[in-house]
Amino acid sequence: MQAEPTLAQSLGEARRWFDEALIAGLARAGAAPVSGTQVALFAVLDPGGTTVSELARRMGVTRQTAHQAVGALTRLGLLEQVPDPSSGRQRLVRRTAEGERTHRTALGILRRAETALARRIGREPVRALRAALHADWGRPPS
């Protein structure tokens, strides 16, 4: 008998479900192919730009992994790096015009995936899930 997955495992599977829907939808829309790590980077990028170090922290990856994802997305023309006006040594990563278009496309794909999920499991469970995820969980237990 297999043990019931932990909530953390279930959340990871749910995230992968959305990532797969997003990556497939972007491919259908003719957008540049992206990986799950690159999708995660786009999800945590501030509109005005974010440093690579902060992106790595938000994604829970090494700075090197974030830097590689930024480099790949820059080569695709979706991101650019510009000087940080608040620091002479830092650079900000931000979306290009093409990156903004791709981001808007991605948001539409994710909305459609949510609609599909609501048709499959019901609107109330989706609302309850959203409410639970938006609740203040406080600091993680130590």
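Predicted model, so just to flag it, every value in this text is computed and none were measured. (Residues numbered from 1 in each chain as written. Predicted model: local features only at pLDDT ≥ 70, side-chain atom pairs only at ≥ 80, totals over all residues. Heavy atoms only, no water.)

**A closer look at the UniProt feature "domain: HTH marR-type" (unreviewed entry) in the chain**
Here is step 1 of the chain: On the UniProt side, "domain: HTH marR-type" (unreviewed entry) is annotated at positions that read residues 27-126 here.
Here is step 2 of the chain: Helix makes up 61% of residues 27-126 and strand 10%, whereas the separation of the span's terminal C-alpha atoms amounts to 26 Å. (UniProt positions renumbered as here; feature names shortened; annotations may be inferred. Helix = DSSP H or I, 4+ residues; strand = E, 2+ residues; numbered from the N terminus.)

**Topic: the side chain of Thr96**
Here is step 1 of the chain: Within the fold, Thr96 resides in the loop between β2 (91-95) and α5 (97-121).
Here is step 2 of the chain: Given the relative accessible area of 16%, Thr96 is considered buried.
Here is step 3 of the chain: Among residues more than four places away in sequence, those in contact with Thr96 are Gly77, Leu78, Leu79 and Glu80. (Buried < 20%, exposed > 50% of the residue type's maximum accessible area, 1.4 Å probe, protein only. Contact = heavy atoms within 4.5 Å.)

**Side note on the environment of Thr115**
Here is step 1 of the chain: With respect to the element layout, Thr115 can be found in helix α5.
Here is step 2 of the chain: Between the C-alpha atom of Thr115 and that of Leu78, which follows or precedes it by 37 residues, the distance is 27 Å.

**Concerning the layout of surface pockets**
Here is step 1 of the chain: Roughly 840 Å³ of volume is contained in the largest pocket.
Here is step 2 of the chain: Mapped onto the lining of the largest pocket, the elements with two or more residues apiece are α1 (7-28), α2 (36-44), α5 and α6 (123-134).
Here is step 3 of the chain: Class assignment for the residues of the lining of the largest pocket results in 20 nonpolar, 5 polar and 4 charged.
Here is step 4 of the chain: If you add up the space inside the second largest pocket, you get close to 210 Å³.
Here is step 5 of the chain: Around the second largest pocket, the lining residues are Arg15, Thr37, Ala40, Ala43, Val44, Arg58, Met59 and Val61.
Here is step 6 of the chain: Elements with a contribution of two residues or more to the lining of the second largest pocket: α2 and α3 (52-59).
Here is step 7 of the chain: Among the elements that take part in the lining of the second largest pocket, α2 stands out by supplying 4 residues, more than any other.
Here is step 8 of the chain: Considered class by class, the residues forming the lining of the second largest pocket number 5 nonpolar, 1 polar and 2 charged. (1 Å grid on protein atoms, 1.4 Å probe; cavity = no way out; pocket = protein on both sides within 12 Å on 5 of 7 lines; lining within 4 Å. Points joined across faces, edges and corners; volume = space filled by probe spheres on them. Nonpolar A, V, L, I, M, F, W, Y, C, P; charged D, E, K, R; others polar.)

**Describing a nonpolar patch on the surface**
Here is step 1 of the chain: Taken together, the side chains of Leu7, Leu11, Leu129, Leu133 and Trp137 define a hydrophobic patch exposed on the protein surface, amounting to about 510 Å² of accessible area.
Here is step 2 of the chain: Breaking the nonpolar patch down by element, the ones donating at least two residues are α1 and α6.
Here is step 3 of the chain: For Leu7, the position within the fold is in helix α1.
Here is step 4 of the chain: Under the relative-accessibility criterion, Leu7 is labelled exposed at 61%. (Patch = residues over 30% accessible without salt bridge, like charges linked within 9 Å, V, L, I, M, F, W, Y side chains within 5 Å. Areas by Shrake-Rupley, 256 points an atom, 1.4 Å probe, with all protein chains shown as cover. Salt bridge = Lys/Arg side-chain N within 4 Å of Asp/Glu carboxyl O.)

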